[in-house]
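Remarks on the overall topology
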Amino acid sequence: MSRISAFRYFTAVSPPPATLIVVFGVLAIGAGALEAVDRGSSDWVLASIAVVQLFATSTGFTRHATRGYYDPVLIGSGRSRIALAHFAVSAAPGALAWLACGACQGFAARSPAVPALAPAGLAALLLVSAVPWAVTVRSAPFLGGTLWLLLSASLFAAGKLLPPLGRLHVQPAWAEDHPLTAFAVGLAFPAVIPSLDWPPAILLAFAATAALALSGGSLLIARADVSLAEEGA
Amino acid sequence: MKEVLHAFGLSKRYGAREVLRDVEISVREREVEGLIGANGAGKTTLLRILIGLVRPSAGRVEWHQESGRAPADRVGHFGGAHTLPPRVPARTWARLVSRGRAFCEDRRAVRALSRGSRQLLGLSAELARPNLNAIFLDEPWEGLDPDGSRWLSKILRRKREEGCALLVSSHRLHDLAGLCDRYAFLLDGRVVARAGAEISPNAVRGEDLLAALDLMRPSP
């Protein structure tokens, strides 16, 4: 077989930034240390991984493609396969750190039912990986993560986020009575998703949002006109 | 000779700017088609449309394959030294693109190499790939020294003898002279003339191309 593996190609040509990989490594090790000292104390590490993942997956596709860097893997290949491989390479370090954190939590709790590996945790991981990746397909790197963080900060500053977050913490059933607000709060600040109880319908909505973002990003790549930057200028 | 691909009525617009107009071109087995034109004539756009990287605004490209599109494992393409990712080590690039066939022990990043070395790296990795039946090269002589140029011409002839179809672009006719079986002359996005292995300067229109043809004349 002489076709290049798209995953191997993107790993070699546009790997996630080394600094982010180091940060993920430190966070995963930190989760292990925290769980060893005090069981169940590493939830904030998950939130940190989620925030870093917003930037790690905001790698951008078109900027490199229009310089010709992806030519060997784009010729004759199904673009959906290329898009998924690009997403997988972008999301892999954060996902591995998340799973490592989950393994530490599970080992400490002697149970797989821990926040990182629960449906809410996995939905959060999917969300913070897919949405920034899709937003950044045709824009500058880190734009997806930056915009998301700015949105969260603006809502916090405007006092729109803390009251519903407080209600979700104190009274989990509140989400069932106000599903749209609860869903919007989760989207605005996905780092808290693993530590809260969510009705299955809202978890499904988070997963569907991530799937929609992934499909949208793949479609953008599939329809991209890979002219060299100087041609279309 | 058997056609590998045939393209009809290709046009491409970027906004109001038309870079290709009604281009027809074919690439055949055991032949080298030379694409000649000044900078900005539309050579790169045409090459990228043929291999499916750019969508034409009009017209179509027919690959004579079951899939109807460029087969990933049989088509080679090199767009020039500037299309190599700058941070990848030369050794990694050579192995990745050539599927382990090209030998390069240089561990420096591509950006640390000279322009000529980058060009040679890209060409040697692409041309070392096994089982190619069509090769598309955009300005492949750019940045090569005389030894590199001779190596390239020699390997392209060998690829033709092996049955490959080749499409090679250049803005300098002397790069292609003696190598190509057919020539297409691009001027402002249109094919303004075609010629066989024996080029007749009278068949060419346009000042730029006539100037390019002048380069073929031996020095007094």
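It should be noted that the structure appears before, not after, this text.
Here's what I pulled together on the structure shown here. (Residues numbered from 1 in each chain as written. Chains lettered and ligands numbered in written order. Predicted model: local features only at pLDDT ≥ 70, side-chain atom pairs only at ≥ 80, totals over all residues.)

**Section: the overall build of chain A**
Per the secondary structure count, chain A includes 13 helices and 0 strands. Reading chain A from its N end, one meets helices and strands in the order α-α-α-α-α-α-α-α-α-α-α-α-α. The globule rule puts the C-alpha radius of gyration for 233 residues at 17 Å, and the 19 Å found for chain A is close to it. By residue count, 47% of the 233 residues in chain A fall in the buried class. Restricting the contact set of chain A to residue pairs at least 6 apart, pairs at least 24 apart contribute 76%. (Helix = DSSP H or I, 4+ residues; strand = E, 2+ residues; numbered from the N terminus. Rg over C-alpha atoms; globule rule 2.2 N^0.38 Å. Buried ≥ 20, exposed ≤ 12 C-beta atoms within 10 Å, placed from the backbone. Contact = placed C-beta atoms within 7 Å.)

**Side note on the environment of Glu176 of chain A**
Of note, Glu176 of chain A is situated in helix α10 (residues 174-177). Spatially, the C-alpha atom of Glu176 of chain A lies 8.2 Å from that of Trp198 of chain A, the residues being 22 residues apart in sequence.

**Remarks on the packing of helix α7 (residues 119-136) of chain A against helix α8 (residues 143-157) of chain A**
All names here are of chain A. With their axes 7 Å apart at the nearest point, α7 and α8 run at an angle of 120° to one another. Comparing the axis directions of α7 and α8 gives the class oblique. For the pair α7 and α8, the contacting residues are Val131, Pro132, Trp133, Val135 and Thr136 in the first and Leu143, Gly144, Gly145, Leu147 and Trp148 in the second. (Axes fitted to C-alpha atoms, helices over the stretch in contact; angles between N-to-C directions. Parallel < 35°, antiparallel > 145°, perpendicular 65-115°, else oblique.)

**A word on the sheet that holds strand β4 (residues 58-63) of chain B**
Residues and elements named next belong to chain B. In space, the 3 strands of this open sheet follow the order β2-β1-β4, with antiparallel pairing throughout. Each edge of the sheet is formed by a strand with only one pairing partner; in this case those strands are β2 (17-28) and β4. Neighbour-to-neighbour, the strand axes of this sheet turn through a mean angle of 10°, independent of strand direction. Note that strand β1 (residues 3-14) and β4 share 5 bridges and pair antiparallel. By the bridge assignment for β4, Ser11 is matched with Ala58. (Pairing = 2+ DSSP bridges.)

**Observations concerning unusual backbone geometry**
Across residues other than glycine, the phi torsion is negative in most instances, and most of the peptide bonds are trans. All names here are of chain B. Residue Asn131 is not a glycine yet carries a positive backbone phi of 60°. Its place among the elements puts Asn131 in the loop between α3 (115-127) and β6 (134-138). Note on Asn131: 10 C-beta atoms within 10 Å, which makes it exposed. Even without a glycine there, the phi angle at Glu139 is positive, about 50°. Mapping Glu139 onto the fold places it in the loop between β6 and α4 (146-161).

**Points about the nonpolar core**
Ranked by size, the top nonpolar core spans 133 residues in total, and within it Ile49, Cys101 and Leu127 of chain A together with Trp93 and Ala134 of chain B carry the most contacts. Residues in contact with Leu127 of chain A, not counting those within four places in the same chain, are Pro190, Phe206, Thr209 and Ala210 of chain A. (Core = buried A, V, L, I, M, F, W, Y, C linked by C-beta atoms within 7 Å.)

**Let's talk about the sheet that holds β6 of chain B**
Residues and elements named next belong to chain B. Taken in spatial order, the 6 strands of this open sheet run β5-β6-β7-β3-β8-β9, and their pairing is mixed. One side of each edge strand has no neighbouring strand; the edge strands of this open sheet are β5 (75-78) and β9 (190-196). The mean inter-strand angle of the sheet, taken between neighbouring strand axes irrespective of direction, is 15°. As paired elements, strand β8 (residues 182-187) and β9 share 6 bridges and run antiparallel to each other. When the sheet's bridge partners are listed, Tyr183 is paired in β9 with Ala195. Of the strands in this sheet, β3 (31-37), β6 and β7 (165-170) touch α4, which is tilted by about 150° from β7.

**Re the interface of chain A and chain B**
Taken together, the 21 residues of chain A in the interface contact 28 residues of chain B. Among the secondary structure elements, those contributing two or more residues to the side of chain A that touches chain B are α1 (6-13), α5 (71-74) and α13 (229-232) of chain A.

**Quick notes on α3 of chain B**
All names here are of chain B. Compared with an ideal rise of 1.5 Å per residue, which puts 13 residues at 18 Å, α3 spans 18 Å between its outermost C-alpha atoms and is within 8% of the ideal. The buried fraction of α3 is high, at 10 of 13 residues. Every buried residue of α3 is accounted for by Arg118, Gln119, Leu120, Leu121, Gly122, Leu123, Ser124, Ala125, Glu126 and Leu127. Where the residues of α3 are buried, they touch β5, α2 (90-97) and α4. (Expected span 1.5 Å × (residues − 1).)

**A few points about the packing of helix α6 (residues 79-109) of chain A against α7 of chain A**
Residue and element names in this part refer to chain A. Here α6 crosses α7 at 155°, and the two axes come no closer than 10 Å. In terms of orientation, α6 lies roughly antiparallel with respect to α7. Between α6 and α7 the crossing geometry is right-handed. Note on element contacts: α7 touches α6 through Gly121, Leu125, Ser129 and Trp133, opposite Phe87, Ser90, Ala91, Gly94, Ala95, Trp98 and Gly102. In the contact of α6 with α7, the residues fall into 6 nonpolar, 5 polar and no charged. (Left-handed = near helix turned anticlockwise from the far one by under 90°. Nonpolar A, V, L, I, M, F, W, Y, C, P; charged D, E, K, R; others polar.)

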